Amino acid sequence: MPLEKEWYAFSQSLPISVVYQNNNGEIVYANSVAEEVLGLTLEQLQGSVTIDPLWRSIHADGSPFLSEDYPATQVITTHKAVSDIVMGVHNPKLDEIRWLKIDAMPVFHPEDNHLHQVVSIFSDITPLIEAEAELKASEERFRATFEQAAVGIAHVAPDGSWLKVNQKICDIVGYTQEELLASTFQDITHPDDLEIDVSYVEQMLAGDIDNYSMEKRYIRKDKSIIWVDLTVSLVRDGAGQPKYFISVLQDIMETKKFEAQMHLLNLTLQQRSAELQVTNAELDAFAYTVSHDLRAPLRAISGFSKILRTRYTDDLPDEARHYLTRVANGAKRMGQLIDGLLDFSRTGRQSIHKQRVKPAGIIADLLLDFESDLQEKSIHVEVETLPDCMADAGLLKV
């Protein structure tokens, strides 16, 4: 055809790829854009057919193009144009697959109306295909994160309807996905928590707050109560209008049980503390009474022995004066023991007064108290040298 060269020349000025094939499918011409996209020179392309292994063409799913699938083959077979054929073609220059969107149309001979050529026009849509692949991968990652998260995640409409829920939320509240998607969050919120939850929602819709967190109760399908830690944020569209809420739920039932146990324990400790205060008061009263009852006869013993020693000392034999002295010393030590008992009753409620103590002296005083019993039973006690120690002397005597 005499206009072919003009067509070829015109195609060189186009910003898209153009390939001409004869009615046998052989390539007769390709413009420079097509050479760049295909990674082959015109000399390499001319004479080849689309089913040539040189092409290495694949479908979007990765399967190879069969001979009858090629756009040019379809046009040659049907004499009808085809469009929007997506084909992946190996570019040997870049050693990678380039994705093409191809339109092919027949050109008939003006004299006999027989098929003369097939003109294929295609654009490189590799960036679009890669972007779609990345978007698909991103959606799959999101879906996996959404479904496999260890916390409950949901999309909730502005009116409270559940739009999308993961399995964890279903596990928490005991409803299936279908049951939740047919209800609202208000339907399963505990009545005592509903007002504050709705108040937060209204503040977010009004733009007063960006998000909120709260501990709340849901009523499970089996009518039991479950506590969750809820965090909610709002997604808006390009015009700033609310689209949906993102709600994240964490089951805190075990934490609430622990808090209840701690509260009960604190109440028990407070009760025990009050009982101990009463007991201590009773112990103080008892100790005071005992000390008072013991001190009265001690004062009498000490007083009468002092009278005997002062008034009748010249009339008493030495042995009698010795015994009177022992009686007075015993009464004095008994007073010290009573003081020690009072201090011991307060042990744990007051500090212990530590000082350097000589244990030998304390033992000697104790032996004097039991001297008559030791003599009567012919018991002889020997006390070796003992080192000093830090202690409360009064408590040691007790």
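Small disclaimer: the values here were computed from a predicted structure and weren't measured.

1. Topic: the pattern of salt bridges
Here's step 1: Counting across every chain of the model gives 13 salt bridges.
Here's step 2: As a salt-bridge pair, Lys-221 and Glu-179 come within 2.7 Å of each other at their nearest N and O atoms. With Lys-221 in the loop between strand 9 (211-219) and strand 10 (225-236) and Glu-179 in helix 7 (residues 177-181), the pair connects residues that are 42 residues apart, well separated along the chain.
Here's step 3: Where Lys-256 meets Glu-259, a salt bridge forms, and the shortest distance between an N and an O atom there is 3.5 Å. Taken together, the positions of Lys-256 and Glu-259, both in helix 10 (residues 253-311) and 3 residues apart, correspond to about one turn of that helix.
Here's step 4: Look at Lys-256 and you get buried, because its relative accessible area is 18%.
Here's step 5: Three or more residues joined by partner-sharing salt bridges are found here, namely Glu-96, Arg-98 and Asp-124.

2. Focus on the nonpolar core
General note: in soluble globular proteins, nonpolar side chains tend to be found buried as a group.
Here's step 1: The biggest cluster of nonpolar side chains holds 29 residues, and the ones touching the most others in it are Leu-38, Leu-45, Trp-55, Leu-100 and Phe-122.
Here's step 2: Of all elements in the fold, only strand 1 (17-22), strand 2 (27-30), helix 2 (32-38), helix 3 (42-45), helix 4 (71-78), strand 4 (82-91), strand 5 (96-108) and strand 6 (115-124) reach the threshold of two or more residues within this core.
Here's step 3: Counting 24 residues, the second largest nonpolar core, distinct from the first, contains Val-156, Ile-188, Tyr-212 and Phe-245.

3. Examining the pairing of strand 4
Here's step 1: Of all 10 residues making up strand 4, 7 are buried, and the element is well covered by its neighbours.
Here's step 2: Bridge count for strand 3 (residues 57-58) against strand 4 is 2 bridges, and the pairing is antiparallel. Bridged to Ile-58 within strand 4 is Gly-88.
Here's step 3: Note: strand 4 against strand 5, 8 bridges, orientation antiparallel. Directly across from Asn-91, in strand 5, lies its bridge partner Glu-96.
Here's step 4: Remark: 4 residues form the turn of the hairpin made by strand 4 and strand 5, two consecutive strands paired antiparallel; Asp-95 in that turn has positive phi of roughly 55°.

4. Some details on the sheet that holds strand 11 (residues 242-251)
Here's step 1: Reading across the sheet, the 5 strands line up as 8-7-11-10-9 and stay open at both edges, with antiparallel pairing between neighbours. Across the chains shown, the open sheet's two edge strands, defined by having one partner strand only, are strand 8 (162-165) and strand 9. Averaged over all neighbouring strand pairs, the angle between strand axes comes to 30°, with direction disregarded.
Here's step 2: As defined by bridge partners, strand 7 (residues 152-156) adjoins strand 11 across 5 bridges and the pair is classed as antiparallel. Residue His-155 lies in a different strand from strand 11, and its bridge partner there is Ile-246.
Here's step 3: Those strands touched by helix 5 (residues 126-148) are strand 7 and strand 8, and its axis lies near 115° from that of strand 7.
Here's step 4: Along the sheet face, helix 9 (residues 191-205) touches strand 9, strand 10 and strand 11 and points at about 150° away from the line of strand 9.

5. Some details on the sheet that holds strand 1
Here's step 1: Strands sit in the order 2-1-6-5-4-3 across an open sheet of 6 strands; the sheet is antiparallel. Because the sheet does not close on itself, it has two edges, and the strands there are strand 2 and strand 3.
Here's step 2: As defined by bridge partners, strand 1 adjoins strand 6 across 6 bridges and the pair is classed as antiparallel. Looking at the pairing, Val-19 lines up with Ser-120 of strand 6.
Here's step 3: Strand contacts of helix 5: strand 5 and strand 6, with the helix running at about 130° to strand 5, the strand carrying the most contacts.

6. Side note on the environment of Ala-364
Here's step 1: By the secondary structure assignment, Ala-364 is in helix 12 (residues 359-369).
Here's step 2: For the pair formed by Ala-364 and Val-383, sequence separation is 19 residues and the distance between their alpha carbons is 8.5 Å.

7. Let's talk about a nonpolar patch on the surface
Here's step 1: A contiguous nonpolar surface patch, about 370 Å² in accessible area, is contributed by Phe-258, Met-262, Leu-265 and Leu-269.
Here's step 2: Its place among the elements puts Leu-265 in helix 10.
Here's step 3: Classification of Leu-265 as partly exposed rests on a relative accessible area of 42%.

8. A closer look at the packing of aromatic side chains
Here's step 1: Enumeration according to the criterion identifies 6 aromatic pairs in this entry.
Here's step 2: Here Phe-142 and Phe-146 contribute two aromatic rings whose centre-to-centre distance is 5.7 Å and whose plane-to-plane angle is 40°, an arrangement assigned as tilted. Of this pair, Phe-142 and Phe-146 are both found in helix 5, 4 residues apart, which corresponds to roughly one turn of the helix.
Here's step 3: Take Phe-142: its relative accessible area is 43%, and that puts it in the partly exposed class.
Here's step 4: For Phe-146, a relative accessible area of 2% corresponds to the buried category.
Here's step 5: Site record: aromatic cluster; members linked through ring pairs are Tyr-8, Tyr-20 and Tyr-29.
Here's step 6: The positively charged end of Lys-256 is found above the aromatic ring belonging to Trp-227, 4.3 Å away from the centroid.

9. With respect to the side chain of Ser-120
Here's step 1: With respect to the helices and strands, the residue Ser-120 is situated in strand 6.
Here's step 2: Setting aside chain neighbours within four positions, we find Ser-120 in contact with Ser-17, Val-18, Val-19, Gln-21, Ile-102, Asp-103 and Ala-104.

10. Notes on the pairing of strand 10
Here's step 1: With 9 bridges connecting them, strand 9 and strand 10 associate as antiparallel partners. Its bridge partner being in strand 10, Met-214 is matched across the sheet by Leu-230.
Here's step 2: Where strand 9 folds back onto strand 10 in an antiparallel hairpin, the turn is made up of 5 residues, including Lys-223, whose phi is positive at roughly 75°.
Here's step 3: Here strand 10 pairs with strand 11 via 9 bridges, running antiparallel. Within the sheet, the bridge partner assigned to Val-235 lies in strand 11 and is Tyr-244.
Here's step 4: Counting the residues that bridge the hairpin from strand 10 to strand 11 gives 5 residues, and of these Gly-240 lies at a positive phi of roughly 85°.

How each quantity is defined
- Residues numbered from 1 in each chain as written.
- Predicted model: local features only at pLDDT ≥ 70, side-chain atom pairs only at ≥ 80, totals over all residues.
- Heavy atoms only, no water.
- Salt bridge = Lys/Arg side-chain N within 4 Å of Asp/Glu carboxyl O.
- Helix = DSSP H or I, 4+ residues; strand = E, 2+ residues; numbered from the N terminus.
- Buried < 20%, exposed > 50% of the residue type's maximum accessible area, 1.4 Å probe, protein only.
- Core = buried A, V, L, I, M, F, W, Y, C linked by side-chain atoms within 4.5 Å.
- Pairing = 2+ DSSP bridges.
- Axes fitted to C-alpha atoms, helices over the stretch in contact; angles between N-to-C directions.
- Contact = heavy atoms within 4.5 Å.
- Patch = residues over 30% accessible without salt bridge, like charges linked within 9 Å, V, L, I, M, F, W, Y side chains within 5 Å.
- Areas by Shrake-Rupley, 256 points an atom, 1.4 Å probe, with all protein chains shown as cover.
- Phe/Tyr/Trp six-rings, centres within 6.5 Å; stacked < 30°, edge-to-face > 60°.
- Lys NZ or Arg CZ within 6 Å of the ring centre and 35° of its normal.

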